[in-house]
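Structural features, examined
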Amino acid sequence: MTITELQTYFQQLYGQRNAAFINGLRERIIFLILAVGDLQNAIRKIDQHGHLPLRHAFASVVGWTFCVANHFPGGLSLSKWLASKYPTSGCAYCGSLPCACGGRRPPAQLVDPSVEQLGWSLREWQEHLWRCYGERNRRNGIENNLNRLFREACEVLEICEGISDSNASAEEVERETALELCDVLAWICPLASMFSLDLEHLVFDRYGQFCPTCSQVPCSCGRFVIEQGHLRRIGTNTNTAAK
């Protein structure tokens with residue numbers, strides 16, 4: 001399944017519920033940030049709780065990334081912007097494969113997306129991003145990677161918060177949001193590789209048949225509430241930011 005097909009599947013699974021019960025773009029991004037926080041907690045408690053919460057937390061970040069992208073009419077084309085910013089030729093900043101960036105990086109050089117990459121699955125993107133950034137990310141350590149992932153999610157929120165004070169066009173806002181969401185995926189994929197986890201498998205294992213909370217397609221869960229930094233759906237016993 002390509003990234004575009006996976007994004008469409010999440011819209012079919014959760015689109016109706018999200019439109020009814022999530023109050024706009026900002027709230028979707030907040031839920032994405034909470035999912036990143038849950039991933040951080042799952043990593044911190046891995047010795048105590050094992051790998052299942054970790055696997056669910058990784059899948060949840062992917063799900064909420066698509067939730068944000070699908071807020072926009074027709075959905076932001078994450079596959080197009082991934083291929084534009086992370087081409088097969090190497091790092092968009094230094095042009096090398098693997099990345100050879102130093103302390104200060106020049107602006108990213110976007111390219112026309114290749115037909116090959118537009119057809120890539122999440123697994124193929126994970127493999128490519130590991131080839132490009134894996135060794136550097138491994139040297140920097142898990143905590144640094146988590147911090148960068150959290151920062152990228154917060155930058156999506158910064159774009160949303162700045163919309164009212166900006167003269168940017170709708171097209172520019174969509175472009176910048178899509179690029180930041182691609183950066184979220186660009187950090188979550190190598191991070192999963194650091195734990196020897198196949199991110200695509202985790203997503204399909206959790207969401208491939210139906211919503212893991214209500215067991216329905218499309219999802220029939222109700223509203224969300226935030227309790228002690230976690231999401232909970234009204235009418236369920238699930239106390240997690242996972243979708």
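Everything here concerns the structure above.
Here's a quick rundown of the structure.

What counts, and at which threshold
Residues numbered from 1 in each chain as written. Predicted model: local features only at pLDDT ≥ 70, side-chain atom pairs only at ≥ 80, totals over all residues. Heavy atoms only, no water. Helix = DSSP H or I, 4+ residues; strand = E, 2+ residues; numbered from the N terminus. Rg over C-alpha atoms; globule rule 2.2 N^0.38 Å. Buried < 20%, exposed > 50% of the residue type's maximum accessible area, 1.4 Å probe, protein only. Contact = heavy atoms within 4.5 Å. Areas by Shrake-Rupley, 256 points an atom, 1.4 Å probe, with all protein chains shown as cover. Lys, Arg positive; Asp, Glu negative; His and termini not counted. Charge placed at Lys NZ, Arg CZ, Asp CG, Glu CD. Salt bridge = Lys/Arg side-chain N within 4 Å of Asp/Glu carboxyl O.

1. Remarks on the overall build of the chain
- A tally of regular secondary structure across the chain gives ten helices and two strands.
- In terms of overall dimensions, the chain is globule-like: its C-alpha atoms have a radius of gyration of 17 Å, near the 18 Å expected for 243 residues.
- When its C-alpha atoms are laid out on the principal axes, the chain stretches across 50 × 45 × 35 Å.
- Counting over 243 residues, the chain shows a buried share of 49%.
- The contacts in the chain between residues at least 6 apart in sequence include a share of 77% that link residues at least 24 apart.
- Accessible surface for the chain amounts to roughly 11500 Å². Of this, 47% is attributable to carbon and sulfur atoms.
- Separation of charge centres in the chain, based on 23 positive and 25 negative side chains, amounts to 5 Å.

2. Examining the pattern of salt bridges
- A complete count under the given rule lists eight salt bridges for this structure.
- Residue Arg 26 pairs with Glu 161 through a salt bridge whose shortest N-O separation is 3.0 Å. Of this pair, Arg 26 sits in helix H2 (residues 24-44) while Glu 161 sits in helix H8 (residues 142-162); the two residues are 135 residues apart in sequence, bridging distant segments of the chain.
- Since its relative accessible area comes to 40%, Glu 161 is described here as partly exposed.
- The residue Arg 175 makes a salt bridge to Glu 176 at a minimum N-O spacing of 2.3 Å.
- Accessibility expressed as a relative area gives 32% for Arg 175, which makes it partly exposed.
- A relative accessible area of 32% places Glu 176 in the partly exposed class.

These figures capture arrangement, not role.
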